[in-house]
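Next come the chains, spelled out residue by residue.
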Amino acid sequence: MRLNRFVSGLFGLLLPVLPVLRLAAQVPLLSPEAFLGYPLGSRFTPYAQVVAYVEYVARTSPRVQLLRYGESYEGRPLLLAILSSPENLARLETLRTDNLRRAGRLPGTPHPEGPVFIWLSYNVHGNEAASTEAALQTLYALAHPDSQRTGSWLQQAVVFLDPCLNPDGRERYVQWYHQTQGVRPDPNPLAREHHEPWPGGRTNHYYFDLNRDWAWATQQETQARLALYLQWMPQVHVDFHEQGIEEPYYFAPAARPIHALIADWQRALQDSIGRNHARYFDASAQLYFTREVFDLFYPGYGDTWPSFNGAIGMTYEQGGGARAGLAVRLPEGDTLTLAARIRNHYMTALSTIEAAVRLRNVLLTQFIHYFAQAQTQPRGPYQAFLLRHTSSSDRLEALTALLDRQGIRYGTLSRPRRVEGINYATGLRQQLEAQPGDLVVSVYQPAGVLAQVLFDPEPSLPDSLTYDITSWALPFAFGMEAYALTTRLDPDQPWISRPIPSNAHSQPYAYLVRWSGLNTARFLSALLTAGVNVRVATIPLRLGGQRFEAGTLILTRAGNAHLGSHFDQMVQETAAHYRVPTYAIASGLAEDGPDLGSTQIRLIKRPQVYILAGPPAKATAVGEVWHFFEQVLHYPATLLTADQLGGLVLEDGDVLILPDGSYSSRAVAIEPLLEGVRRGARLIALEGALELLVGQKGIALKRRNEPEERDLKQPSLYRERERTVLSRQVLGAIYPTQLDTTHPLAFGLDRYFTLKQRAQSYELLEEGWNVAWLEAGRPRSGFAGYRTSAQLTQTLVAGTQPWGKGSIVYFVDNPLFRGFWYAGQLLFTNAVFFRE
Ligand SMILES: [Zn+2]
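Residues numbered from 1 in each chain as written. Predicted model: local features only at pLDDT ≥ 70, side-chain atom pairs only at ≥ 80, totals over all residues. Heavy atoms only, no water.

Description of the coordination of the zinc ion
As a reminder, the rule being used: Counted as donors are N, O and S atoms no farther than 2.8 Å from the metal, or 3.2 Å for Na, K and Ca; water is not among the atoms, and sites may therefore look incomplete. All geometry calls rest on donor angles, where a four-donor set with angles between 85 and 135 degrees is tetrahedral, four- and six-donor sets with opposite donors more than 155 degrees apart and all others between 65 and 115 are square planar and octahedral, and all else is irregular.
Bound to the zinc ion are the protein donor atoms H125 (ND1), E128 (OE), E128 (OE) and H241 (ND1), situated 2.0 to 2.4 Å from the metal. One way to put it: the four donor atoms around the zinc ion meet at angles of 57 to 154°, and that makes the site irregular.

Quick notes on the side chain of R105
Cut-off, in case you're wondering: Note on conventions: DSSP H or I runs of at least 4 residues are helices, E runs of at least 2 residues are strands, and numbering of each starts at the N terminus. Type-normalised accessible area, obtained with a 1.4 Å probe on protein chains alone, sets the label of each residue: buried when under 20%, exposed when over 50%, and partly exposed for intermediate values. The charge count includes Lys and Arg as positive and Asp and Glu as negative, but it does not include His or the ends of the chains. Salt bridge, as used here: a side-chain nitrogen of Lys or Arg that lies within 4 Å of a carboxyl oxygen of Asp or Glu. As used in this structure description, the phrase polar contact means that two N or O atoms lie within 3.5 Å; if the pair is within protein, one of them must be able to donate a hydrogen and the other to accept it, and residues adjacent in sequence are counted only when both atoms belong to side chains. Here, residues are in contact when the closest pair of their heavy atoms is within 4.5 Å.
On the secondary structure map, R105 appears in the loop between helix 6 (92-102) and strand 3 (116-122). No salt bridge forms around the buried R105; measuring N to O, its nearest opposite-charge neighbour D404 is 9.8 Å away. A distance of 3.3 Å separates a polar atom in the side chain of R105 from the backbone oxygen of G407. Not counting chain neighbours up to four residues away, the residues in contact with R105 comprise L100, L230, M233, N309, G407, R409, P446 and A447.

A few points about the sheet that holds strand 32 (residues 753-756)
Definition in use: For two strands to count as paired, DSSP must find a minimum of two bridges between them. Only the contacting stretch of a helix is used when fitting its axis, a line to C-alpha atoms as for every element, and angles between N-to-C directions run 0 to 180 degrees.
Within the open sheet, the three strands sit side by side as 32-30-35. Their pairing is antiparallel. Among the strands making up the open sheet, the edge pair consists of strand 32 and strand 35 (781-784). With direction set aside, neighbouring strand axes in the sheet form an average angle of 30°. Relative to strand 35, strand 30 (residues 730-736) runs antiparallel, the two sharing three bridges. Its bridge partner being in strand 35, L731 is matched across the sheet by F783.

Examining the UniProt feature "domain: Peptidase M14" (unreviewed entry) in the protein
Operational definition: UniProt positions are given in the numbering used here, feature names are shortened, and annotations may be inferred rather than shown by experiment.
Mapped onto this structure's residue numbering, the UniProt feature "domain: Peptidase M14" (unreviewed entry) falls at residues 43-356. Taken end to end, residues 43-356 is 39% helix and 19% strand, and its two terminal C-alpha atoms sit 32 Å from one another.

Let's talk about the sheet that holds strand 17 (residues 482-485)
The strands making up a sheet are joined through hydrogen bonds of the backbone, oriented either antiparallel or parallel. The strand order across the open sheet formed by five strands is 15-14-17-13-16, and the pairing between neighbours is antiparallel. Looking along the sheet, the strands with just one partner apiece sit at the ends: strand 15 (429-434) and strand 16 (439-442). Each strand of the sheet is rotated relative to its neighbour by a mean of 35°, with strand direction disregarded. Relative to strand 15, strand 14 (residues 417-423) is paired through six bridges, and the arrangement is antiparallel. Across the sheet, the residue bridging to R418 is E433, located in strand 15.

With respect to the domain arrangement of the protein
This is how the line gets drawn: An automatic or database domain assignment is the source of the domain bounds shown. Note on terms: buried area is the combined drop in 1.4 Å-probe accessible area of two parts once they are placed together, counting the loss on both. Asp, Glu, Lys and Arg are counted as charged, while Ala, Val, Leu, Ile, Met, Phe, Trp, Tyr, Cys and Pro are counted as nonpolar; the rest, among them Gly, fall into the polar class.
As assigned here, the protein comprises domain 1 (8-375), domain 2 (378-485), domain 3 (510-603) and domain 4 (608-833). Taken over C-alpha atoms, the centre of domain 1 sits 38 Å from the centre of domain 4. A combined buried area of about 1,300 Å² lies between domain 1 and domain 4, and 70% of that area is made up of carbon and sulfur atoms. When the buried surface of domain 1 facing domain 4 is broken down by residue, W198, Y206 and Y207 rank first, second and third, together holding 48% of it. Summed over the shared surface of domain 1 and domain 4, the result is zero salt bridges. Looking at the side of domain 1 that touches domain 4, its residues break down into eight nonpolar, four polar and one charged.

Notes on the pairing of strand 25 (residues 608-612)
The side chains of a regular strand alternate, residue by residue, between the two faces of the sheet. Across the five residues of strand 25, four count as buried, placing the element largely inside the fold. Pairing between strand 25 and strand 27 (residues 654-658): four bridges, direction parallel. Residue pairing across strands places Q608 opposite D654, the latter belonging to strand 27. Note that strand 25 and strand 26 (residues 638-640) share three bridges and pair parallel. Pairing of I611 across the sheet is with L639, part of strand 26.

What about the pattern of salt bridges?
For the structure shown, the criterion picks out 32 salt bridges. Its salt-bridge partner being D468, residue R818 comes within 2.9 Å of it at the nearest N-O pair. Here the residue R818 occupies a position in the loop between strand 37 (806-811) and helix 26 (822-833), and D468 occupies one in the loop between helix 16 (448-455) and helix 17 (474-478), the gap between them amounting to 350 residues. Per residue, the accessibility class of R818 equals that of D468, and both read buried. One salt bridge in this structure joins E836 and R682, with 3.1 Å as the shortest N-O distance. With E836 in the segment after helix 26 and R682 in strand 28 (residues 682-686), this residue pair connects regions lying 154 residues apart in the sequence. Linked by salt bridges that have partners in common, E128, R202, D209, R212, D468 and R818 make up one network.

Digging into helix 7 (residues 130-143)
Threshold: A helix is expected to span 1.5 Å multiplied by its residue count minus one.
The terminal C-alpha atoms of helix 7, which comprises 14 residues, lie 20 Å apart, in line with the 20 Å expected from a rise of 1.5 Å per residue. Most of helix 7 is tucked away: 14 of the 14 residues are buried.

Considering the side chain of E624
Within the secondary structure layout, E624 lies in helix 20 (residues 619-633). Engagement of the side chain of E624 in a polar contact is seen with the backbone nitrogen of R818, the distance being 2.9 Å. Non-local contacts of E624, meaning those with residues more than four positions away in its chain, are made with Y206, F208, N814, L816, F817 and R818.

Overview of the confidence of the model for the protein
Close inspection of predicted coordinates is inappropriate for parts of the model with low pLDDT. Defined as follows: pLDDT expresses how confident the predictor is about each individual residue, on a scale running from 0 to 100.
Of the residues in the protein, 94% reach a pLDDT of 70 or more, and the chain-wide mean stands at 93. Low pLDDT, under 50, characterises residues 1-26; the predicted model gives this stretch 56 contacts beyond four residues in sequence or across chains.

A look at the environment of P457
Turning to its location among the elements, P457 is positioned in the loop between helix 16 and helix 17. Residue classification places P457 among the buried residues on the basis of a relative accessible area of 7%. Once the C-alpha coordinates of P457 and A685 are considered, the two residues, 228 residues apart in sequence, prove to be 30 Å apart.

Digging into helix 16
Taking burial as the measure, the eight residues of helix 16 include eight buried ones, the bulk of the element. Summarising the contacts, the buried residues of helix 16 are in contact with helix 12 (304-307), helix 14 (360-376), strand 13 (384-387), helix 15 (393-406), strand 16 and helix 17.

Have a look at this one:
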């Protein structure tokens with residue numbers, strides 16, 4: 001943007017060495033420019049070159065150790081450069097274990113002295129590409145053995161530098177930009193190079209926003225990073241971003257709402273570090289802002305999640321991103337260049353380290369205190385969270401896997417205990433008996449704050465102006481019977497996954513498998529893919545002395561003769577692989593309900609699945625569906641663009657999924673698709689895709705129109721305009737639904753909470769089946785404006801409409817939200833496999 005001539009404090013340290021570095025033979029460490037052959041900022045660095053430079057620096061500098069901690073979905077390495085003095089690096093493992101003692105993750109008395117751990121995360125949003133370039137500059141400044149200033153910092157600090165959290169997204173942007181740019185960058189904001197095409201490089205391979213994923217870790221990149229983070233536990237974490245091209249630089253302190261469990265000392269230290277940055281921005285007469293827009297509430301961000309793990313978690317935002325390219329003209333007439341964007345992120349990185357080194361004592365002392373307090377005097381309203389053992393083992397395993405990824409400890413009880421707490425299903429306080437076998441998460445543990453945040457049934461929102469969801473508690477997402485306890489309850493037994501019962505005899509008449517969760521869904525997916533014929537019970541039955549609910553899978557020898565003797569082997573091996581209990585039975589004669597030859601036991605048709613994967617669907621929505629089929633369900637799906645959809649002839653048994661988006665009738669021709677549904681296909685429409693159907697002849701779905709506002713007595717103030725808008729909004733709030741558990745769409749579910757992100761609502765269907773709906777318009781948890789209640793009362797959440805031989809499934813809310821709404825994933829699976 002503007003040239004920083006001033007920053008002698010930070011940049012001066014590099015100037016004396018730069019001319020020398022061009023003489024390759026004499027230099028101890030090449031600068032990025034000397035290594036890459038161009039000055040940083042003159043072009044975007046492809047990821048392979050990023051890796052090459054980081055590896056080169058690690059080989060050459062005595063101040064660096066390099067970890068390759070995983071890889072992206074597209075196979076790119078994920079790297080972490082660990083920078084410190086050679087003396088510190090020589091005892092790195094001791095420093096690490098010392099620090100884990102401070103964080104309560106290893107036994108022993110924590111050492112109050114030692115270097116401060118500072119973690120710099122770059123380019124989590126791939127198209128905010130100045131970040132990684134700035135990382136290279138920062139790496140060089142820290143690693144250069146002649147730099148005394150950084151050298152003195154590194155005696156008191158260990159800097160963890162992750163040059164690119166999202167290499168797939170970044171490379172998507174960088175390669176596109178290279179293909180699009182001319183000889184010279186065109187600063188005209190209208191130029192093609194400033195308008196990145198769908199899906200854009202912000203997200204990862206599956207179009208997931210990795211800066212929403214820290215709390216759920218559904219993505220491979222996040223999983224690898226969290227595993228590493230928990231081995232080190234830094235005191236400071238910075239997430240480098242870019243925002244709109246016209247925005248001045250943003251740094252912490254963060255905006256409200258700030259989650260109540262972020263401690264005062266964390267806020268105060270954000271403030272101290274921010275003040276250090278302000279000095280440099282003031283000196284260069286650059287605009288900046290703090291305490292606005294970027295709040296600290298939702299736990300999936302790269303600033304909140306580290307904050308809930310005892311760090312000073314911060315987001316820095318430079319103006320730029322995909323709109324900026326190499327150079328873009330701003331309305332004031334200045335040109336924003338990549339070089340200027342790099343310079344600012346470089347400046348704040350060094351300023352962060354400088355400040356953290358100065359604050360080292362207070363950072364370490366508070367960090368130790370934070371984890372001591374977490375284990376002995378936890379903050380927050382609850383003492384423990386209890387999940388009933390009656391939940392399927394399938395679900396409990398998925399939840400414990402999530403807790404493992406988050407470093408949250410859990411266990412169970414050796415004997416019953418009388419306790420008190422809030423029932424998630426009712427929202428009411430009650431007494432209950434905690435049972436051996438129940439899953440117990442006590443907040444008296446090192447990760448107690450994070451546990452409190454992820455389970456809190458009603459996170460307190462001090463201010464409703466946030467730009468993300470306002471509630472997320474895991475028991476709602478998993479649809480489990482659960483309690484937030486106000487009584488202290490510590491598990492005294494390790495949690496052991498239940499053994500998978502199996503009574504396999506050699507050649508049973510059939511196998512029965514209860515439809516209990518995603519493991520069972522994967523089991524079904526694998527069998528269908530392998531050509532096994534599977535049936536489903538559409539009503540409950542009793543066999544072999546056991547009751548089986550509707551949705552139970554039935555694998556009969558009859559109908560699978562083509563598999564011969566492989567049938568048993570395939571069923572048993574697949575069940576063992578997915579940890580699914582099977583019940584072998586010797587007779588098809590039911591003691592109650594339908595016999596196995598009844599028409600109530602339906603053959604499941606193996607669906608050919610199509611997903612609209614391009615505009616007008618939203619990239620993140622497409623990604624959630626795509627990721628679900630490939631990585632969760634392991635079931636093949638074919639991705640199509642809207643153009644290809646025009647030529648698609650849907651046949652009986654096909655399933656077409658239209659993800660959320662802004663659909664216009666011209667973008668997708670719906671009539672031919674509905675003809676295909678008439679022939680027996682199934683159309684699954686999610687959120688915005690419902691608008692494509694509303695108003696079509698014969699479609700039962702009708703919008704609920706906003707009630708007239710006669711209750712408005714006072715004109716609203718201009719100052720309050722954002723709040724007036726909020727009164728009509730739902731900010732990711734959780735609602736209990738009424739559920740028709742006899743309908744195939746609800747198989748395997750006994751309750752369902754929906755996460756609602758908008759107030760747009762639809763009347764209950766007069767034709768077809770309302771499977772999940774809102775009885776009342778108030779959320780159980782999270783923020784909804786007071787005007788939304790009438791708008792949402794008695795409205796549809798999920799339903800189906802028969803259409804010729806096929807049917808249409810309507811999802812008003814997103815059942816696959818960010819890949820962690822487990823109960824929603826099951827609901828969605830039902831829509832794919834089960835028919836009325
Ligand atoms: Zn960003």
